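# Inside the fold
Chain by chain, the residues run as shown.
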Amino acid sequence: MSTQLLVGGRIYSPSNPDATAMAVTDGTVVWVGADRAGRAMHPDAEIIDVDGAFVAPAFVDPHVHVTALGLKLTGLDLAQAGSLAECLEALRTFAAARPDGAILGEGWDDTVWPEGRPPSLAEIDAAAPGRLVYLARVDAHSAVVSTPLLDAVAGITEAAGFTRGEPLRGDAHHRVRAAALGALDRGQRDAARRAALDHAAAQGIAAVHECAGPEISGETDVRELLAFSHGVEVRAYWGQAVRTADEARTLLKDLGVHALGGDLFVDGSIGSHTAWLRTPYADRDTTGTSYLDADAVHAHVLACTEAGIQTGFHVIGDAAMDAVVTGFERVVAELGGPAVASRGHRLEHAEMLDADQIAKLAQWGVIASVQPGFDAAWGGPDGMYATRLGADRAATLNPFSAMAAAGISLAIGSDAPVTALNQWEAIRAAANHRTPGHQISPRAAFAAATRGAWRAGGVRDGLAGTLVPGAPASYTLWDAEDLVVAAAADSVQRWSTDPRSRVPGLPPLTPDATLPRCLRTVHRGVTIHEL
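Residues numbered from 1 in each chain as written. Predicted model: local features only at pLDDT ≥ 70, side-chain atom pairs only at ≥ 80, totals over all residues. Heavy atoms only, no water.

Helix length check: helix α7 (residues 186-202) (17 residues) gives 24 Å between terminal C-alpha atoms against 24 Å at 1.5 Å per residue, within 8%. Of all the residues in α7, the buried ones are Arg189, Asp190, Ala192, Arg193, Ala195, Ala196, Leu197, Ala200 and Ala201. With a side-chain oxygen positioned 3.1 Å from the backbone nitrogen of Gly187, the residue opening α7 is Asp185. Just downstream of α7 lies Gly204, where phi reads positive at about 80°. (Helix = DSSP H or I, 4+ residues; strand = E, 2+ residues; numbered from the N terminus. Expected span 1.5 Å × (residues − 1). Buried < 20%, exposed > 50% of the residue type's maximum accessible area, 1.4 Å probe, protein only. Polar contact = N/O pair within 3.5 Å; in protein donor to acceptor, adjacent residues only side chain to side chain.)

Here it is as C-alpha cells:
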C-alpha cells in the first residue's frame, strides 16, 4: 500500500473542520487532522504540500449532455451573441472558416436580443449557403435550421412541432437534431467528448451524469460515450419510457446504461413555450407540449420499480408535474411507499411544484436534480420567466428552500450546455436565488453538488462526496479566498469566520465574490486534472 499525506491545506471535512492535512491510501481517505499529527502517524507517506489550497470533495454534475457540450466548446458557441446580428455574423464567420461539413451551434437566446426574434430560414441560408445548419436555442428544446437540413429529413413539414417561419419544436425538432448529429463522424464526436470531459475535470468535477435519450442524442452516442476512456466518471441515463419490468431490464442491458430516466420528457421548456402548463403562457396562447401523461408515467415507474431500476423524468411545467405526481401516487398505492423510495427515483428540473406535491415527493423519497443556473439566467421580475409566465407565476419557480425543508434530497447540476458547467456558479445561484425565501445556504448547496449528487446517482454509502476516513479520495484543490460560514436568511446573509462554530468554511459566494480556481482534480486517488 502507498500513502500520500497532503499538508498545509484547508480541508473541508465534517469530521474535523480545522483539519490542515489528509492522508490517502490506495484511493481512499484514511485520516484527516493537523499537519504535525499527520506526519507522526504516517512517517513513510509521500508528503504533498498544498500550500494553503482549499481541499474539498470533488463535484458531481448530475445533469450533462457530454457530446453536445463538447460540440459547443469546440464549435459554434452562440451563448455570447448579444443580438440577432451578432448571431448571424458568428454563423457566417464559422461557415467561412470551415467550408465543409454540417454546422451545429448552441446557445442563442432571442429573449435578450434587441431584435426580439430568432434567425429566419432565409437569414441562415444567406449566412451559410448550401450548408446543413442546426442552431439550438439555449434551452435545447427548439432550433432554427437551414433549408438543406430541412430537405434532408423526409416528411419534416408534416411532423408535430413544425410551423413554417418559426423555430422547430417537439418531434420536428427531435428529427432534425438527429439528422444533424448523424452528419458528424466518430472522430468529431470523440473530440467533442474529450473536450467536454477535460473541461469538467478542470472545473473540479470528478463525475457527470449523462442524460441521453432517443430524442436527444441517440443510441450510437450513448454507446460510444460509455466506451470512451476518460478520468471523469460517467453515469448514463436513458430517457425512454417502458411498460413492463422485462422491457426495462432488456433495454438497460442492451444499451449498457445505468438507469432509465434523466431527460425522459414529460414536457419541454419555458423558453421554447413547450413546458406543459395548467393555464396558457402570458405571451403566447398555448399551454405547451405534453409528451407523457399520467398513465405513461405510472406504467414506467411501476415497471422500473419492479425491475429494481432507478428512473425519473424531465418535468418543468405545473401540468407536467401534476401528471408525474399522479403517476407516482398510483405506483405507491400498488407497491407501497418504501418500495418506491428504495429506488431513489429522481426528477430533473422540477421547476413548478406546489406545497402538496413537495410533501408527497419527499414522502416517496424522490430526488430533485435541479439547476440553479436557470434562475440566475432567467429568473427575477424582469427575466424570461416573468415574460413567459407573468410575474406572479414566475415567482413560484424553483422553490429550493421549501423542497429541502420538506426533506427532498437535492442534487445541483448545470444541464450543460444549457448553462455553464461550473458548480461554484450553480451553488452561488442557489444561495442567491432571485426570489426571496427560495434560496438555500451555501453549505446546503455545496452538499447538493457533492454528497447529494452522488446520492442522486445511486451511491448511498454516506461517504461519497465527503472527506472523512473511509471515503473515496475524490477531491479538488482550489485557489480560494478566506473561508467563511454562511447561513441563508430572507433579510440578511450572516457570515462568520469564527472557528468555534465547528462548521467547515467555504469560499465566500456573494454575488461579487471571486470564485475559486481549480488547481488539481483527483478521482479515487488518480489525478485527472492539474494546472
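This part takes up the nonpolar core. In this structure, Leu347, Met403 and Trp424 are the most contacted members of the largest nonpolar core, which totals 72 residues. For this core, the leading source of residues is helix α11 (residues 318-335), giving 9 residues. Apart from the residues within four sequence positions on either side, Leu347 is in contact with Phe313, Val315, Met321, Val324, Phe328, Leu361, Val366, Ile367, Ala368 and Ser369. Counting residues in hydrophobic clusters, the runner-up holds 19 residues, among them Ala143, Val153, Ala180 and Leu181. (Core = buried A, V, L, I, M, F, W, Y, C linked by side-chain atoms within 4.5 Å. Contact = heavy atoms within 4.5 Å.)

Another point: the sheet that holds strand β1 (residues 3-7). One open sheet accounts for 4 strands, arranged β4-β3-β1-β5; its pairing is mixed. At either margin of the open sheet sits one strand with a lone partner, and together these are β4 (28-33) and β5 (46-49). Each strand of the sheet is rotated relative to its neighbour by a mean of 20°, with strand direction disregarded. Sheet topology places β1 next to β5; 4 bridges connect them, and they run parallel. Within the sheet, the bridge partner assigned to Gln4 lies in β5 and is Glu46. (Pairing = 2+ DSSP bridges. Axes fitted to C-alpha atoms, helices over the stretch in contact; angles between N-to-C directions.)

What follows concerns the side chain of His174. Locating His174 in the fold gives a position in helix α6 (residues 170-182). Relative accessible area serves as the criterion here: at 11%, His174 is assigned to the buried category.

On to empty space enclosed by the protein. The final tally for this structure, using the stated rule, is 5 cavities of 30 Å³ or more. Size it by volume and the largest cavity reaches roughly 170 Å³. The wall of the largest cavity is formed by 16 residues, among which His65, Ala140, His141, Ile216 and Phe265 lie closest to the centre. Top contributing element to the lining of the largest cavity by residue count: α6, with 3 residues. Of the residues assigned to the lining of the largest cavity, the class counts are 6 nonpolar, 4 polar and 6 charged. What the second largest cavity holds in volume is close to 110 Å³. For the lining of the second largest cavity, the secondary structure elements donating two or more residues are α14 (372-378) and α15 (384-389). Of the residues contributing to the lining of the second largest cavity, the split by class is 7 nonpolar, 5 polar and 3 charged. (1 Å grid on protein atoms, 1.4 Å probe; cavity = no way out; pocket = protein on both sides within 12 Å on 5 of 7 lines; lining within 4 Å. Points joined across faces, edges and corners; volume = space filled by probe spheres on them. Nonpolar A, V, L, I, M, F, W, Y, C, P; charged D, E, K, R; others polar.)

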